[in-house]
Structure formats: structure tokens, C-alpha cells
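# Analysis of the macromolecular model
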Amino acid sequence: MPPVFRFAPSPNGYLHLGHAYSALLNAELARQSGGRLLLRIEDIDRARCKPAFEAAIYVDLAWLGIEWETPVRRQSEHFEQYRAATDRLNAQGLLYPSFESRAEIARLVAAEQIRGKWPHDPDGVPLYPGIARSLTPSAVAELRRAGAPTALRLDMAEASRRAGALQWTEFGAGPSGESGAVAARPEAWGDVILARKEIPTSYHLSVVIDDALQGVTDVVRGQDLFWSTSVHRLLQTLLGLEPPTYRHHPLLRDEGGGKLAKSTGATALRELRARGAGPADIRRMIGLPAA
Ligand code: GLU
């Protein structure tokens, strides 16, 4: 069976040089190994994703000379599959509904921080401080009756206990050079949301379901997602899915050393194209050899 790679952008902005690097690396690794390359549109966030950005993804990738298989999987067309996965985790007693708004969570974190240091996840976001896990069934029913929107969170302590020690195979490197067999640390993320209030899924859940459904064998993506892999390994284990191998690549930085953002036009591929750059210039700019 040939290896299966994928490039999985979110259409919430125009692709920039960092995306070009990731897409071209996937294409190159697929070519070298006689593998397949899939394109997946990660558009679960209906408020932030726009058809114009999706259309631009196809234009930019084709311009770079990348070929992908069709049909392209669009996550927004598969909410039922994600819901089925949360149903399974729910049936295992691993999810609980939480009702707090962002503002309430921020207030709870601030209160914790007065008492002492409150832990943050690998992305620097404070862990969920809420008490929803210990709400009684009747309190939950009452909140539901009152129409409170609900997110579903993973009971991380229980889920990690059941899954036991996990690791993944890393062919790239983590932020501190982690490589080879990397020990997963899902607890560092706390009780992550698996289904958002307004969307029946989340990045973590849909990426894991899709990689498995699409038979992806080699995940190649930016280092910013390195520690997310801990959560992905946990979900794969709980849902009985075969894990791919991972290669996290360094992120391209802007001149100030910051992360390239979709919102800053200067490195957007369409902007560079409009200014006369060709695909060969892009390869040079991101340090890839000529095609
Ligand atoms: N959709 C994610 C992004 O655009 C990438 C997901 C992944 O490669 O796992 O950042």
C-alpha cells in the first residue's frame, strides 16, 4: 500500500509562504515515496471560513504545481461522522457537558490565579477551571431546559487513565528537538472541548477521524501542532483508530521572528503572485530546491 499524505488547510484566510512550505513538503515526500497526496478542507468553523478563501486555496496550490486527489474532503459536510464519534465517547462515560461562556471561564481563571499559579496548556491557554464535570444529572437537565448552549468536554483524567501510556513516532522534531518515539502528554491540555457549542465537533476530533477515515499514513504539518498530537493519540486510542506517523516541520518566521499570520498580506501567495513572483521564486523564498 502506498503511503498517504495530506495537506489540510483551514479556509479562514489566504495561504501564505508557511502554507506553501507545508504543502510542497507533503507533495515532495509523497512523490519520493510513491505515495498519494490528499487535500482536506478544514472548514468546521462556519463563521470564520469563507468560500472565497477555499476557492483561493485551489488556485494557489495549482499555481505552485501541486496535484491532489479529488474529491476533496470538506469537513463541514461530515458533521454526522463527528457526532457519531462523540456519541461513542459519551457512551464510554468520557464526556461531560459544560455551559460556561468564555467570559465566565476567564473570570474563574482570574479567581484561581489570585490564589496561586494556574496551569496553562502547551498553546499558553489556561486550563479549563470549571466545575461542570461534577454537576449532578439534575443540574445538567435544568441548564439544558433553560436552553443553555452546551460544549462537550473530555474527562481527561479518566480518559488518560483508561488509555494508559501513549507515544507516537516522530520523523520531524518538536519545539525542544523531541524526536523518535515521543511520549504523549494529553493531560497537559486539561479537559479539552471535543464538540463546541455551535459546532458538533472540534479541530482535535475531526482531524483524528479524518486522518483515519482517509487512510492517512504520514501526517506532515507545522511544529505549532506538535503537542496537539498528544490529544490525537489519546482520541485514536479511545476510538480504536490506527495512528499515522508524524513529521512536524519548523515554522517559517517573519522578519521579526514572529509566526506568519494569514491576516498579514505581505506573505500571501496571491499577493506575491500579483507582484510578479512565480512558483520558482516561492520555492527559493522558503528554502526549497528548484522543482
Ligand atoms: N487545519 C489546520 C491548520 O490549517 C492543520 C491541521 C493539521 O494539519 O493537522 O492549521
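Above: the structure in question.
This section reports on the structure supplied with the text. (Residues numbered from 1 in each chain as written. Predicted model: local features only at pLDDT ≥ 70, side-chain atom pairs only at ≥ 80, totals over all residues. Heavy atoms only, no water.)

## Points about the environment of E198
Stated formally: Numbering of helices and strands starts at the N terminus; helices are DSSP runs of H or I of at least 4 residues and strands are runs of E of at least 2.
Checked against the element boundaries, E198 lands in the loop between β8 (193-195) and α7 (203-213). C-alpha separation for the pair E198 and L252, spaced 54 residues apart in sequence, amounts to 32 Å.

## Concerning the site of the ligand
Condition: Whether a residue is near a molecule or strand depends on its heavy atoms: if one lies within 4 Å, it is near. The protein chains shown are the only cover counted for residues, whose accessible areas, like all others here, come from Shrake-Rupley with a 1.4 Å probe. Each residue receives one of three labels: charged for Asp, Glu, Lys and Arg, nonpolar for Ala, Val, Leu, Ile, Met, Phe, Trp, Tyr, Cys and Pro, and polar for the others, Gly being one of them.
R6, A8, P9, S10, E42, Y203, V207, R221 and L225 make up every residue found near the ligand. Protein coverage of the free-state accessible area of the ligand, which is 300 Å², stands at 79%. Classifying every residue of the shell around the ligand by side-chain character gives five nonpolar, one polar and three charged.

## Focus on the pattern of salt bridges
Let me state the cut-off plainly: A carboxyl oxygen of Asp or Glu within 4 Å of a side-chain nitrogen of Lys or Arg is what we treat as a salt bridge. Three exposure classes are used, based on accessible area relative to the maximum for each residue type with a 1.4 Å probe and protein chains only: buried under 20%, partly exposed in between, and exposed over 50%.
Inspection of every chain in the model, using the stated rule, returns 21 salt bridges. E198 serves as the salt-bridge partner of R196, at 3.5 Å between the closest nitrogen and oxygen. A relative accessible area of 26% places R196 in the partly exposed class. A relative accessible area of 60% places E198 in the exposed class. Three or more residues are tied together by salt bridges with common partners; here these are R6, R40, E42, R73, D210 and D211.

## Some details on the sheet that holds strand β5 (residues 151-154)
Here is the rule we go by: Should DSSP find at least two bridges between two strands, the strands are regarded as paired. The convention used is that axes are lines fitted to C-alpha atoms, helices contributing only their stretch in contact, and that angles between N-to-C directions extend from 0 to 180 degrees.
Taken in spatial order, the three strands make up an open sheet running β4-β5-β8, and their pairing is antiparallel. Looking along the sheet, the strands with just one partner apiece sit at the ends: β4 (95-98) and β8. On average, adjacent strands in this sheet sit at an angle of 45° to one another, irrespective of strand direction.

## Examining empty space enclosed by the protein
Let me state the cut-off plainly: In the cavity and pocket records, a cavity denotes points on a 1 Å grid over the protein atoms alone where a 1.4 Å probe fits but cannot get out, a pocket denotes an open set with protein on both sides within 12 Å along at least 5 of 7 lines, and lining residues are residues with an atom within 4 Å of a point. Grid points are joined across faces, edges and corners, and a volume is the space filled by probe spheres set on the points.
Enumeration according to the criterion identifies one cavity of 30 Å³ or more in this entry. Space inside the largest cavity adds up to approximately 40 Å³. Lining the largest cavity we find F7, A23, L37, L38, L39, L61, I66 and W68. Top contributing element to the lining of the largest cavity by residue count: strand β2 (residues 36-41), with three residues. Partitioning the lining of the largest cavity into residue classes produces eight nonpolar, no polar and no charged.

## Observations concerning the packing of aromatic side chains
Test applied: A pair of Phe, Tyr and Trp rings is counted when the ring centres sit within 6.5 Å of each other, with Trp represented by its six-membered ring. The angle between the planes then sorts it: under 30 degrees is stacked, over 60 is edge-to-face, the rest tilted. A positively charged side chain is recorded as over a ring if its NZ (Lys) or CZ (Arg) lies within 6 Å of the ring centre. The angle to the ring normal must also be within 35 degrees.
Under the definition given, this model contains seven aromatic pairs. Counting every residue linked through ring pairs, the aromatic cluster contains W168, F226, W227 and Y246. Above the face of the Y128 ring, R153 is positioned so that its terminal group lies 3.6 Å from the ring centre. Directly above the ring of Y14 sits R270, whose terminal nitrogen or CZ lies 4.0 Å from the centroid.

## Some thoughts on the layout of surface pockets
There is about 360 Å³ of room inside the second largest pocket. Lining the second largest pocket are 17 residues, and of these L24, A27, E28, G65 and R283 sit closest to its centre. Of the residues forming the lining of the second largest pocket, the biggest block, five residues, is contributed by helix α1 (residues 17-32). Class assignment for the residues of the lining of the second largest pocket results in 11 nonpolar, two polar and four charged.

## So, unusual backbone geometry
Of the consecutive residues T70 and P71, the connecting peptide bond is found in the cis state with omega at 0°. Relative to the elements of secondary structure, P71 occurs in the loop between α2 (51-64) and β3 (73-74).

## Looking at the nonpolar core
As a reminder of what qualifies: Only buried residues count toward a nonpolar core. Its members are Ala, Val, Leu, Ile, Met, Phe, Trp, Tyr and Cys residues joined through side-chain atoms within 4.5 Å. Residue contacts follow a heavy-atom distance rule, with two residues in contact if any of their heavy atoms lie within 4.5 Å.
Counting residues in each nonpolar core, the largest one holds 37 residues, and the members touching the most others are L89, L154 and L234. At five residues, the largest contribution of residues to this core is made by helix α8 (residues 228-239). Residues in contact with L154, not counting those within four places in the same chain, are L94, L95, Y96, A159, D191, V192, L194, L234, L235 and L238. Of all hydrophobic cores here, the second largest spans 28 residues; its members include F7, L25, I66 and L288.

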